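Structural overview for review
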Amino acid sequence: AGLAADVERGARAQEEGAAAGLEAAAHKMDQSVAIQETLSAEETCLATVQGILATEEGMESRLLSLIESHGKSMLCLYTHRRMAITAEDVCLDRVLLIQEGFAVEEVPPENNLQIPGSDVTVQVTSGGASLLVRLPFGSHTQTFLREVRRRCSPGKKDATAADPEQSAAGEVTGAPRLKTANKMVPSSSVPASGPTQGLSTRPCGLRDTLVKSLLKQKESSYTHLQNFRFFVGTYNVNGQSPRGSLRPWLSQDGEPPDIYCVGFQELDLSKEAFFFNDTPKEEEWFKAVTESLHPGAKYAKVKLVRLVGILLLLYVRTELAMNISEVEAETVGTGIMGRMGNKGGVAIRFQFHNSTVCVVNAHLAAHPEEYERRNQEVRDICARMQFHPLEPGCPLLAIKEHDVVLWLGDLNYRLEEQDMERVKKLIQTQDFQALHQHDQLKIQREAKLVFEGFQEGEISFQPTYKYNPGSDDWDDSAECRVPAWCDRILWSGKTVSLLSYQSHMALKNSDHKPVSAIFDVGVKVVDKKSYCKAFEGIVRSLDKMENASIPSVTLSKREFLFKDVKYLQLQVESFTISNGPVPCQFEFISKPNEDAYCKPWLIAKPSKGFLMPDSEVVIALELCVNKSTATALNSGEEKLEDILVLHLDRGKDYFLSVSGNYLPSCFGCPIQTLCYMKEPIREMLPEAIRELDVVLHQVMPI
């Protein structure tokens, strides 16, 4: 056993070395890097998403890339070799220039069963070309589609489709000059799913956030709890393909569930699945599950998410599908280097009626001595698993920020230092309670070192690991693993009731046995009339509060007349600002296309300030004509007229009228003009002064 452990550790070290160069690309799954390597320096790959293209031969995987080249935008489709990491993994299939006639439209499902969170089917049309592509639901796809649509603009010629040879030869203007790649290995298609229309998004404004918060506080006034039946199942399939029906596991209960949450681990143990995240077994197990769902109801697939060999499927009864919304899926790798996907978790979160649910499928570190590492991996999944809300600008959602959390998977917790023969004897006598006292997960949970706040049902079934594949016999290989309850289902939530928790011995094609749990989950169902009443009440109260919080002041005077203003003689007019019950900040602001809030001969003191409730401030308007302003006033080019704008922060604007008459004087007049005046300046008309200035400037230019 010690030698076998050394060999396994050596193999693990080799895997770490082989994966080191691919860690970043495989973890981020960013295939834009491979596309960018095929482009010239003037061309940029803005975004890439992987989709399934409907062709005459069937469904084929494609990479869709939004590319900008020489000021033009285009949608390029690439065939690819599994996970595209370098330029050699991709090959250009066709190019669609984004011009007039180009359109991307989401296709509704044939049965009009629109499940938010399902994969998105889009039809791309360009001139005479029409493509049908299925894209994975999520914020990445929505961002990609938004960027493509943003570049669609009228007034251009129709987009044209081109094959790779035409694009490489430059026959399509603006098409990227792509490097020639090797011939592609055919990619396996992923299982089909019902398309759905994309959800509209809008930013989270302050008022919207406040309305949502107040609605949440009043939730009990417009919702009632209604029980729905959830089936949760987990199965480590040891890299095997399905053999026979899964109904002994998925449909053993007489009453059909409302929602299925089905998780698998070790779906594919091949290096291709690990390095390229591509496996045909995804489709095999998806098909096996779909065909084995309870025959007493019809189900629609809501979401599928996979990380290497960790797969999670979510189904809902078709008549309840319209109550599912805000579906998102995320993955977290905790394997080699703490990031790779050979271990980790996948999760699907969604809203069902008015309750939020998060389902997590995890595969944690193996070996009895690694229980502390398993604890850390649970903490890492909780910390790093964050869901992007559909509304941009809203905060990310963590696992525990849901009303109900269902956690399933091969958690790999073992029995503490137990002798094989003693364990088998306790199993034979079905003394599971005594055996469970030595379960690592139970010990760690009781010490509050992991899964704090979660619950697990009583274990009344024999350990689910490790068996000889194809039988119910315990492992008799060289490792001779001690039996353990590796496969577990836990939950958190105040409205969850466990109905059954069991293993299923009938399925024998793995060294694990599948486990299932059936729950009654109390879901908050909205009463529309009560909701409308609560919503309208909140809106009215907010309107009232906003109106009451708007600053309002009273001005003692709004029109100001300055009489017989003389050069450098200060005149002052005052008025009082009386504040109401709301604190306010005031300021004189400039009018459109003006730099200052007043003319240069006028100033307000103070020009801005803060008023406490029911307080007052006296504003002095000081008018003084100096040498910089007297010339224009003497000639009549300027007049003592102005409009001041008094602005209240979060309030309205008040307009003040200022006027006056200026007594012209020799101050501010050019000396040559004064020499040619034949009468006192105050007895001359402003037009005569301006005309004299013009004549003198022509005769005696300065």
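Everything here concerns the structure above.
What counts and how
Every chain begins its residue count from 1, and numbering advances along the sequence as written. Residues qualify for local features only when their pLDDT is at least 70, as the model is predicted, and side-chain atom pairs are given and counted only at 80 or more; totals for whole chains, interfaces and linings, by contrast, use all residues. Computation of side-chain values covers all heavy atoms of the structure but excludes hydrogens and water. Helix numbers and strand numbers start at the N terminus; a helix is a DSSP run of H or I with at least 4 residues, a strand a run of E with at least 2. Each residue gets one of three labels from its accessible area relative to the maximum for its type: buried under 20%, exposed over 50%, partly exposed in between, using a 1.4 Å probe on protein chains only. Should any heavy atoms of two residues lie within 4.5 Å, those residues are counted as being in contact. Note on areas: Shrake-Rupley, 1.4 Å probe, and residue coverage restricted to the protein chains presented here. Think of it this way: DSSP has to see at least two bridges between two strands before they count as a pair. A pocket, in this scheme, is an open set of points on a 1 Å grid over the protein atoms alone with protein on both sides within 12 Å along at least 5 of 7 lines, while a cavity is a set where a 1.4 Å probe fits but cannot get out; residues line either one if an atom lies within 4 Å of a point. Grid points are joined across faces, edges and corners, and a volume is the space filled by probe spheres set on the points. Nonpolar residues are Ala, Val, Leu, Ile, Met, Phe, Trp, Tyr, Cys and Pro. Charged residues are Asp, Glu, Lys and Arg, and all others, Gly as well, are polar. Working definition: a ring pair exists when centres of Phe, Tyr or Trp rings (six-membered ring for Trp) sit within 6.5 Å. Plane angles under 30 degrees give stacked, over 60 give edge-to-face, the rest tilted. Sitting over a ring, as applied to charges here, requires NZ of Lys or CZ of Arg to be within 6 Å of the ring centre and within 35 degrees of the ring normal. Definition of nonpolar core: a set of buried residues of the types Ala, Val, Leu, Ile, Met, Phe, Trp, Tyr and Cys, connected through side-chain atoms within 4.5 Å. Lines fitted to C-alpha atoms define the axes here, with helix axes fitted over just the stretch in contact, and angles between the N-to-C directions of these axes take values from 0 to 180 degrees. One speaks of a salt bridge when a side-chain nitrogen belonging to Lys or Arg is within 4 Å of a carboxyl oxygen belonging to Asp or Glu. Expected span of a helix, by definition, is 1.5 Å for each gap between consecutive residues, and there is one gap fewer than residues. This arc corresponds to the set of directions leading from the helix axis out to the C-beta atoms.

The next thing to look at is the overall build of the protein chain. Counting secondary structure elements, the protein chain contains 18 helices and 30 strands. For the protein chain, with 702 residues in total, the buried portion stands at 48%. Put simply, 68% of the contacts in the protein chain that link residues at least 6 apart link residues at least 24 apart. Here the protein chain has roughly 33700 Å² of accessible surface; of this, 51% comes from carbon and sulfur atoms.

Right, let's get into the pairing of strand 11 (residues 299-307). Within strand 11, nine of the nine residues are buried, which leaves it mostly tucked inside the rest of the structure. Pairing analysis gives eight bridges linking strand 11 to strand 12 (residues 310-317), with the strands arranged antiparallel. Residue pairing for strand 12: A300 is matched across the bridge by V316. Two successive antiparallel strands, strand 11 and strand 12, enclose a turn made up of two residues, where V308 displays a positive phi of approximately 55°.

What follows covers empty space enclosed by the protein. Within this structure, the stated rule accounts for two cavities of 30 Å³ or more. By volume, the largest cavity amounts to about 40 Å³. Lining the largest cavity are L64, L75, V104, V122, V124, L135, F144, L145 and V148. Breaking the lining of the largest cavity down by element, the ones donating at least two residues are strand 6 (120-126) and helix 4 (139-150). Put simply, the second largest cavity is a space of about 30 Å³. Lining the second largest cavity, in full, are F231, L250, S251, Q252, D253, E255, P257, Y260, H294 and I518. Residue composition of the lining of the second largest cavity, grouped by class: five nonpolar, three polar and two charged.

Time to look at the packing of aromatic side chains. On inspection of all chains with the given rule, the structure shows 20 aromatic pairs. For the ring pair F588 and Y597, a centre distance of 5.8 Å and an interplane angle of 25° mean the geometry is stacked. A residue is classified by how much of its surface remains accessible, and F588, at 4% relative accessible area, is buried. When its relative accessible area of 17% is taken as the criterion, Y597 is described as buried. One aromatic cluster is present, built from ring pairs that chain together Y235, W249, F264 and W285. The aromatic ring of Y413 is capped on one face by R374, whose charged end is 5.2 Å from the ring centroid. For the cation-ring pair, K513 lies above Y467, with the distance from its terminal atom to the ring centre recorded as 5.0 Å.

The next subject is the environment of L411. Tracing the backbone through its elements, the reader meets L411 in the loop between strand 18 (404-410) and helix 12 (420-428). According to the relative accessible area criterion, L411 is buried, its value standing at 0%. Along the primary structure L411 and W485 are separated by 74 residues, whereas in three dimensions their C-alpha atoms are 8.7 Å apart. Once residues lying within four places of it in the same chain are set aside, the contact partners of L411 are A362, L364, R374, L441, F451, C486, R488 and L490.

Moving on, we come to the nonpolar core. Of all hydrophobic cores here, the largest spans 52 residues; its most connected members are F230, I259, F350, F352, L406 and F519. The leading source of residues in this core is strand 21 (residues 515-526), at six residues. In terms of nonpolar packing, the next biggest core, distinct from the first, is built from 32 residues, L555, I577, W601 and A604 among them.

As summarised here, the arrangement of the four strands in space is 22-24-28-26, forming an open sheet in which the pairing is antiparallel. Single-partner strands in this sheet number two, and they are strand 22 (553-555) and strand 26 (602-605). With direction set aside, neighbouring strand axes in the sheet form an average angle of 25°.

Turning our attention to the sheet that holds strand 25 (residues 584-589). Here five strands make up an open sheet; going across it, the order is 23-30-29-25-27 and the pairing mixed. The two strands at the open ends of the sheet, each matched to only one other strand, are strand 23 (559-565) and strand 27 (608-611). Here the strands of the sheet are splayed against their neighbours by 20° on average, with no regard to which way each runs. Direction of pairing for strand 29 (residues 641-648) relative to strand 30 (residues 653-662): antiparallel, over a ladder of seven bridges. Within strand 30, the position partnered with L644 by the bridge is L656.

In this structure, S635 sits in the loop between helix 16 (627-634) and strand 29. Not counting residues within four places of it along the chain, the set of residues in contact with S635 comprises P686, I689, R690 and D693.

This part covers the pattern of salt bridges. For the coordinates displayed, the defined rule picks out 26 salt bridges. Residue E68 is joined to R151 by a salt bridge in which the shortest nitrogen-to-oxygen separation is 3.2 Å. In this pair, E68 sits in strand 2 (residues 58-69) while R151 sits in the loop between helix 4 and strand 8 (161-162), placing the two residues 83 residues apart along the sequence. Relative accessible area serves as the criterion here: at 16%, R151 is assigned to the buried category. Two residues, K524 and E219, come together in a salt bridge whose shortest N-O distance is 3.0 Å. In this pair, K524 sits in strand 21 while E219 sits in helix 7 (residues 219-222), placing the two residues 305 residues apart along the sequence. Comparing K524 with E219 shows no difference in burial state: the two are buried. Each of E60, R62, D93 and R94 takes part in a single network of salt bridges with overlapping partners.

A few words now on helix 11 (residues 371-384). With 14 residues, helix 11 extends 20 Å between its outermost C-alpha atoms, agreeing within 8% with the 20 Å of an ideal straight helix rising 1.5 Å per residue. When helix 11 is considered as a whole, its buried residues turn out to be R374, N375, E377, V378, I381 and C382. Here the buried residues of helix 11 occupy an arc of 160° about the axis, which is enough to place them on one side. Facing away from the buried surface of helix 11 by more than 90 degrees, the exposed residues are E372 and A383. Taken together, the buried residues of helix 11 touch strand 13 (324-333), strand 14 (344-352), strand 15 (355-363), strand 18 and helix 14 (440-446).

What follows is about helix 10 (residues 281-292). Between its first and last C-alpha, helix 10 extends 16 Å over 12 residues, near the 16 Å set by a 1.5 Å rise per residue. Inspection of helix 10 places K281, E282, W285, F286, A288, V289 and S292 among the buried residues, and these make up the whole buried set. In a view along the axis of helix 10, the buried residues occupy a sector of 165°, so they form one face of it. Projecting away from the buried face of helix 10 at angles above 90 degrees are the exposed residues K287 and E291. Buried positions along helix 10 lie against strand 9 (223-236), helix 8 (247-250), strand 10 (259-265), strand 11 and strand 12.

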